[in-house]
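Fold and geometry: a report
The lines below spell out each chain.
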Amino acid sequence: MDGRLECILSHVHAKVLADIGCDHGKVAVYAVLRGLTEKSIAADISEECLKKARALAKEKGAGSVEFRVGDGMRVLKENEADNVVIAGMGGREIAKILSQAPAMDAKFILVPHDDAPLLRAYLAKCGYEKSSDKIVRSGGKFYPVIVCKKGGAAYTPALEELLYGTSPADGDCTAYAEQRLAVLERICASIKEGDARREEPARQLEATRALLGRAYESKGRNQDN
């Protein structure tokens, strides 16, 4: 189990877990095996996509896993699950799935592989209250893991939150910000001052430098102590 999946499982505590777009089914299966949920619903877009998950459940003897074929959360009834995991998709697709979902009084664990700022903006606009939003490094890549529940007030997040979540002092977040810093510096250096295309990467560069400045300052204080 990689760090991304372990982080997801660390947030699961359910009677019924829905793993939407389950792929290999590891979250659904291991949540049952570890006693994190009484039942898992492993869902994917086609029967072909579910083959790997069915095979894993059979191999591991996870009997309390139900398999459903369907599009996004449409496979669920209203309030059928109290934890919902959506991982391995882009932020735009996750936002679309949430917008088309039945009413669900559930904890959502969302792991976009791209367009995380877009997803964070959607969640803020639609009143999803986040209990955790951190960057996790796994297999040489960085993944946002966002834990939230609908029912809060809509708000406008700062650019730093859109880019890096709500745990900027975390070591994996710092490493990700350092990676992004190098990319943004190259982009800004390649576009002339005054070009409108430079405006957004320049804003992101400024926010990234500010985050890293605070992270390095905090690390220095901790070392002094």
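In what follows, the accompanying structure is described.

With that out of the way, let us pick up the sheet that holds strand 7 (residues 141-150). Taken in spatial order, the seven strands of this open sheet run 3-2-1-4-5-7-6, and their pairing is mixed. The strands lining the two open edges of the sheet, one partner per strand, are strand 3 (65-69) and strand 6 (128-138). Across this sheet, the average inter-strand angle for adjacent strands is 15°, counted without regard to direction. Relative to strand 5 (residues 107-112), strand 4 (residues 83-89) runs parallel, the two sharing six bridges. Opposite N83, over in strand 5, you have K107 as the bridge partner. Sheet strands touched by helix 7 (residues 171-190): strand 6 and strand 7. Its angle to strand 6, the strand with the most contacts, is close to 70°.

Scanning all chains against the criterion turns up four aromatic pairs. Geometrically, the ring pair formed by Y122 and Y128 is tilted, given 6.3 Å between the ring centres and 35° between the ring planes. Note on accessibility: Y122 and Y128 belong to one class, buried. By the ring-pair criterion, three or more aromatic residues cluster together here, those being F108, Y122 and Y128.

Between its first and last C-alpha atoms helix 3 (residues 47-60) spans 20 Å; for 14 residues at 1.5 Å apiece the expected length is 20 Å, and the two agree. Every buried residue belonging to helix 3 is among L50, A53, L56 and A57, and all of these are buried. Buried residues along helix 3 sit in contact with helix 2 (26-33), strand 2 (37-44) and strand 3. Immediately beyond the C-terminal end of helix 3, within one or two residues, lies G61, with a positive phi of roughly 70°.

Moving on, we get to the side chain of D19. Along the chain, D19 falls in strand 1 (residues 14-20). Lacking a salt bridge, the buried D19 has R4 as its closest oppositely charged neighbour, with an N-O distance of 8.5 Å.

This part covers the nonpolar core. Proteins that are soluble and globular tend to have nonpolar side chains buried together. I8, L17, V27, V65, F67, V85 and I109 are the most contacted members of the largest nonpolar core, which has 30 residues in total. Going through the elements one at a time, helix 1 (3-10), strand 1, helix 2, helix 3, strand 3, strand 4, strand 5 and strand 7 are the ones with two or more residues in this core. The element contributing the most residues to this core is helix 2, with six residues. In contact with L17, not counting residues within four places along its chain, are V12, V27, A28, A31, T37, K39, S40, I41, N83, V84 and V85. Within the second largest apolar cluster, 26 residues are counted, among which are I20, M73, A81 and L123.

Let us now look at the layout of surface pockets. Its volume calculated, the largest pocket comes out at about 350 Å³. For the largest pocket, the lining is made up of 18 residues, of which D114, D115, A116, P117 and Y176 are closest to its centre. Breaking the lining of the largest pocket down by element, the ones donating at least two residues are helix 5 (116-125), strand 7, helix 6 (159-164) and helix 7. A per-class count over the lining of the largest pocket returns eleven nonpolar, two polar and five charged. What the second largest pocket holds in volume is close to 230 Å³. Along its surface, the second largest pocket is lined by 15 residues, and R4, L5, C22, D23 and H24 are the ones closest to its centre. Of all the secondary structure elements, the ones that give two or more residues to the lining of the second largest pocket are helix 1, strand 1, helix 2 and strand 4. Looking at the lining of the second largest pocket, the element that brings in the most residues is helix 1, giving three residues. Class assignment for the residues of the lining of the second largest pocket results in six nonpolar, four polar and five charged.

A few words now on the pattern of salt bridges. Scanning all chains against the criterion turns up 20 salt bridges. Of the charged contacts in the structure, one is a salt bridge between D105 and K149, with a shortest N-O distance of 3.4 Å. Here K149 lies in strand 7 and D105 lies in the loop between helix 4 (91-99) and strand 5, a separation of 44 residues in the sequence. For D105, a relative accessible area of 52% corresponds to the exposed category. K130 serves as the salt-bridge partner of E161, at 2.8 Å between the closest nitrogen and oxygen. Here E161, found in helix 6, pairs with K130, found in strand 6; they are 31 residues apart in sequence, far enough to count as distant.

Conventions used here
Residues numbered from 1 in each chain as written. Predicted model: local features only at pLDDT ≥ 70, side-chain atom pairs only at ≥ 80, totals over all residues. Heavy atoms only, no water. Pairing = 2+ DSSP bridges. Helix = DSSP H or I, 4+ residues; strand = E, 2+ residues; numbered from the N terminus. Axes fitted to C-alpha atoms, helices over the stretch in contact; angles between N-to-C directions. Contact = heavy atoms within 4.5 Å. Phe/Tyr/Trp six-rings, centres within 6.5 Å; stacked < 30°, edge-to-face > 60°. Buried < 20%, exposed > 50% of the residue type's maximum accessible area, 1.4 Å probe, protein only. Expected span 1.5 Å × (residues − 1). Lys, Arg positive; Asp, Glu negative; His and termini not counted. Salt bridge = Lys/Arg side-chain N within 4 Å of Asp/Glu carboxyl O. Core = buried A, V, L, I, M, F, W, Y, C linked by side-chain atoms within 4.5 Å. 1 Å grid on protein atoms, 1.4 Å probe; cavity = no way out; pocket = protein on both sides within 12 Å on 5 of 7 lines; lining within 4 Å. Points joined across faces, edges and corners; volume = space filled by probe spheres on them. Nonpolar A, V, L, I, M, F, W, Y, C, P; charged D, E, K, R; others polar.

What is shown is where atoms sit, not what they do.
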